[in-house]
Amino acid sequence: MFLPAVLYVLALVGVPLILAFLYSVGDVKVGSVGYHFVGLANFRSVLESPTFRVALRNSFIFTISSQILVLVGATILALSLKKAFPGRWLLRFLILLPWVAPVSIGSIGWKWILDSLYSVINWVLIRLHLANEFSPPMWLGDPKLAMLSIILVQTWHMLPFATVIILAGWTALPKDIPEAAEVDGAGFFRRLFQIEIPMMLPIINVAVLFGIIFTFTDMTVVYILTRGGPYDTTQVLPTQAFQTGVLGSDLAEGAAISMFLVPILIVVAWLMLRSAHRAEVT
Amino acid sequence: MAVVATRGLTKTFKAGQAAAVHNVNLESEEGEFLVLLGPSGSGKTTLLRMIAGLEEPTSGEILIGGVVVNDMTPRERRIAMVFQSYALYPHLTVLGNIVFPLKARGMGKAEREDKAGWAAGLLGIKHLLGRKPRELSGGERQRVALARAIVREPTLFLLDEPLSNLDAKLRASAREELEQFQRRVGTTTIYVTHDQVEAMAMGDRIVVMNFGEVRQIGTPAEVYDDPADTFVATFLGSPPMNLVEHRDVVVGFRPEHFFPVTQLAGRAAIPEHIRDADRSGPFVPLNFRTSHEEYLGAERIIYGHLEGRFEGKKAISRVPATTGGQFESASLHAFAVSEKHLKFFDREKGTRTGRVSLA
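About the thresholds
- Residues numbered from 1 in each chain as written.
- Chains lettered and ligands numbered in written order.
- Predicted model: local features only at pLDDT ≥ 70, side-chain atom pairs only at ≥ 80, totals over all residues.
- Pairing = 2+ DSSP bridges.
- Helix = DSSP H or I, 4+ residues; strand = E, 2+ residues; numbered from the N terminus.
- Buried ≥ 20, exposed ≤ 12 C-beta atoms within 10 Å, placed from the backbone.
- Contact = placed C-beta atoms within 7 Å.
- Nonpolar A, V, L, I, M, F, W, Y, C, P; charged D, E, K, R; others polar.
- Expected span 1.5 Å × (residues − 1).
- Bend = angle between axes of the 7 residues up to and from the residue.
- Axes fitted to C-alpha atoms, helices over the stretch in contact; angles between N-to-C directions.
- pLDDT = per-residue confidence, 0-100.
- Domains from an automatic or database assignment.
- Parallel < 35°, antiparallel > 145°, perpendicular 65-115°, else oblique.
- Left-handed = near helix turned anticlockwise from the far one by under 90°.

Engineer: Got a sec to walk through the pairing of strand 18 (residues 314–320) of chain B? Specific residues and values, please.
Structural biologist: For a regular strand, side chains alternate in direction, first toward one face of the sheet and then toward the other. Bridge count for strand 17 (residues 299–307) of chain B against strand 18 of chain B is seven bridges, and the pairing is antiparallel. By the bridge assignment for strand 18 of chain B, B:Y303 is matched with B:I316.

Shown next as structure tokens:
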């Protein structure tokens, strides 16, 4: 009964994973015919590369900062969408759009919004006299601003998903418990931080862990906006693996880079299953 | 001064719909145990929630301690409420639950733990302070909810069907405990229930509600013995009051006032269980065609319909199990009801009317 599902998972997930592992300990290049086992040579070479260390650090910065922003933003959004008001469904729909729209389209839109010549943000800033007309901020060209830009766009992209999960969790909370807290004399913030958010923690955990996985392994936003530039300052592990393995034809080293994602993702997946289980129980 | 009073309190959830609570005027007395009794949908919980400040009245006023509190938040009203589900905070320990209202008030740690210890001692749950709500039984949860309510010594307790989640056996003992507890702390209490036994057993006064309106306010004896209308007459009492139509009135009598009589030497013998005050009569003899009987251990409930006077009307008799007699199906028996226990209601409106001759 489960056989088709098992076969499906093995074929589409298991085989590529094993293949990637074999590549990472071999000497495979695009177009090469043989396979020689080289042990940990690829990993050694990857670890010695300064670009890799930057990419590893960036991956963490990119994921952690965007997830913190998502968490705070999604909680505030969910809180304001919880109460019924006219036009709520429309607003909920609009908020969901960035998640529903293909990320590539969204990112291309942002690429124009952040463009060095045609940026609407700069246009507005210049009109408001907040930026110098002759040297406006280079959103994607300045290393610091580029990092900030990819983090903000990733946040924009992930926010709806987390909002929907948190909103669903909130709607499922028994109404009488916050009411009891209200009668017990708790004000808005005490209710929020001492009662409602702690009760929703398992659900918030699921939203955050999903967000971590989707952000840590995804390269779309970074690749479309900056291609890892300027000078590899926004390189993350997935973009570096792609550039080394596919564009640079060094499949083995690309595979080795992506292998660094595995232990982190295993930990996150384990945490996710555990907190999903806990959400089920209580 | 009344602890709680409502004036013309009305709540309509949707414009154009019937009011959930309609024009309720209540006054509770200091230290009183006031029960709001009614079937589900009668508006009793909505009324309680309005007093708590969880629901905004459409019109009318709520006064607590003589002050209009309509615009106050629940927090400002300084009342305590026990919810039907107990609404314990699942992520906090029992101690955390009990001190929560004190924390919200900004009381220091030492003082609040002192208070929590006192409240827990009062309810006998000191040994549970370190546990989480999910590790407690239904009865223990109820006590934690009560401790959380009592700990800030409120002027008013609001209890929303706190016994309905307990099983039948536990409910009886919890009821008695709750009653004793209220007597001991002496806090004015408003208690919502749909269970007439609870209402009769615990209430100093009962407010009987139906379709959002107060039908009668009175002591348990008043609402039971002197129901204001046919709704109160049938809602209180199990089995309910017998109601038979007679010309333009409805005649009502309680099943326990409707009993079998035996002819002894040409004179009707009244069963032993009828108290002296009721033995003297006069009695209205009724012919009762019994259909079946329920034996409940301590008492027997006899079902059937009347013949002759009130021909064809259904009636129920309730006699102690110690009363003899066989009431097999379809047999005809001589029954009687004491005339002074007859109640008369308006046939159209269902309200009480004056005595009418049955002749």
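Engineer: Provide a residue-level description of unusual backbone geometry, including the pertinent values.
Structural biologist: Following B:S238, the chain continues to B:P239 via a peptide bond in cis, the omega torsion being -5°. With respect to the helices and strands, the residue B:P239 is situated in the loop between helix 9 (230–235) and strand 11 (242–246). Backbone geometry places A:H129, a non-glycine residue, at a positive phi of 60°. For A:H129, the location among the structural elements is in the loop between helix 6 (120–127) and helix 7 (143–172). Among the residues examined, A:H129 registers 8 C-beta atoms within 10 Å and is labelled exposed. Here the phi dihedral of B:E161 falls at roughly 40°; this positive angle occurs in a residue that is not glycine. Looking at B:E161, the number of C-beta atoms within 10 Å reads 21, which means it is buried.

Engineer: For the interface of chain B and chain A, give the residues involved together with the corresponding values.
Structural biologist: Contacts between chain B and chain A engage 18 residues on the former and 16 residues on the latter. Secondary structure elements with two or more residues in the side of chain B that touches chain A: helix 2 (74–77), strand 6 (80–82) and helix 3 (94–104) of chain B. The dominant element in the side of chain B that touches chain A, judged by the number of residues it contributes, is helix 3 of chain B, at three residues. For the side of chain B that touches chain A, the per-class residue count stands at 13 nonpolar, two polar and three charged.

Engineer: Could you give an account of helix 1 (residues 3–24) of chain A, naming the residues involved and the relevant values?
Structural biologist: Residue and element names in this part refer to chain A. In this model helix 1 runs 30 Å from its N-terminal to its C-terminal C-alpha over 22 residues, within 8% of the 32 Å that 1.5 Å per residue would give. When the local axis directions of helix 1 are compared, the greatest deviation, roughly 35°, occurs at L10. With two of 22 residues buried, helix 1 lies mostly on the surface of the structure.

Engineer: So, the environment of B:E307: which residues are in play, and what are the values?
Structural biologist: Residue and element names in this part refer to chain B. The residue E307 is located in strand 17 in this model. The exposure class of E307 is partly exposed, given the 14 C-beta atoms found within 10 Å. Put simply, E307 and R289 are 18 residues apart on the chain and 6.8 Å apart in space, counted from C-alpha to C-alpha. Among all residues touching E307, those that are not within four sequence positions of it are N287, R289 and L332.

Engineer: Describe in detail the sheet that holds strand 8 (residues 188–193) of chain B, supporting the description with residues and values.
Structural biologist: All names here are of chain B. Taken in spatial order, the six strands of this open sheet run 6-7-8-3-9-10, and their pairing is mixed. Only two strands of the sheet have a single partner each, and these edge strands are strand 6 and strand 10 (213–218). Between one strand axis and the next, the sheet turns by 15° as a mean value, whatever way the strands run. Direction of pairing for strand 6 relative to strand 7 (residues 156–160): parallel, over a ladder of three bridges. Across the sheet, V82 pairs through a bridge with L159, a residue of strand 7.

Engineer: I'd love a proper account of the confidence of the model for chain A, names of residues and values included.
Structural biologist: For chain A, per-residue confidence averages 85 on the pLDDT scale, and residues scoring 70 or more make up 98% of the total. Ranking the elements of chain A by mean pLDDT puts helix 13 (residues 261–281) of chain A last, at 78, and helix 8 (residues 176–183) of chain A first, at 91.

Engineer: Break down the domain arrangement of chain B for me, citing the residues and quoting the values.
Structural biologist: A common measure of how large an interface is: the accessible area buried when the components associate. On domain assignment, one finds that chain B holds domain 1 (4–230) and domain 2 (239–346). Each of domain 1 of chain B and domain 2 of chain B was reduced to a C-alpha centroid, and the two centroids are 39 Å apart.

Engineer: Just give me the short version of helix 3 of chain B, but keep the residues and values in it.
Structural biologist: Since there are 3.6 residues in each turn of an α-helix, residues three or four apart along the chain are aligned in direction. Residues and elements named next belong to chain B. In terms of residue burial, helix 3 counts as a mostly covered element, since eight of its 11 residues are buried. If you check which residues of helix 3 are buried, you get V94, L95, N97, I98, V99, F100, P101 and L102. At the exit of helix 3 stands G106, carrying a positive phi of roughly 85°.

Engineer: Any chance you could break down the packing of helix 11 (residues 237–247) of chain A against helix 12 (residues 251–259) of chain A for me, citing the residues and the numbers?
Structural biologist: Residue and element names in this part refer to chain A. For the pair helix 11 and helix 12, interaxial distance at closest approach is 7 Å and the crossing angle is 165°. Considered as vectors, helix 11 and helix 12 are oriented roughly antiparallel to each other. In this structure, helix 11 meets helix 12 at a crossing whose hand is left-handed. Of helix 12, the residues touching helix 11 (which contributes L237, Q240, A241, T244, G245 and V246) are L251, E253, G254, A255, I257 and S258.

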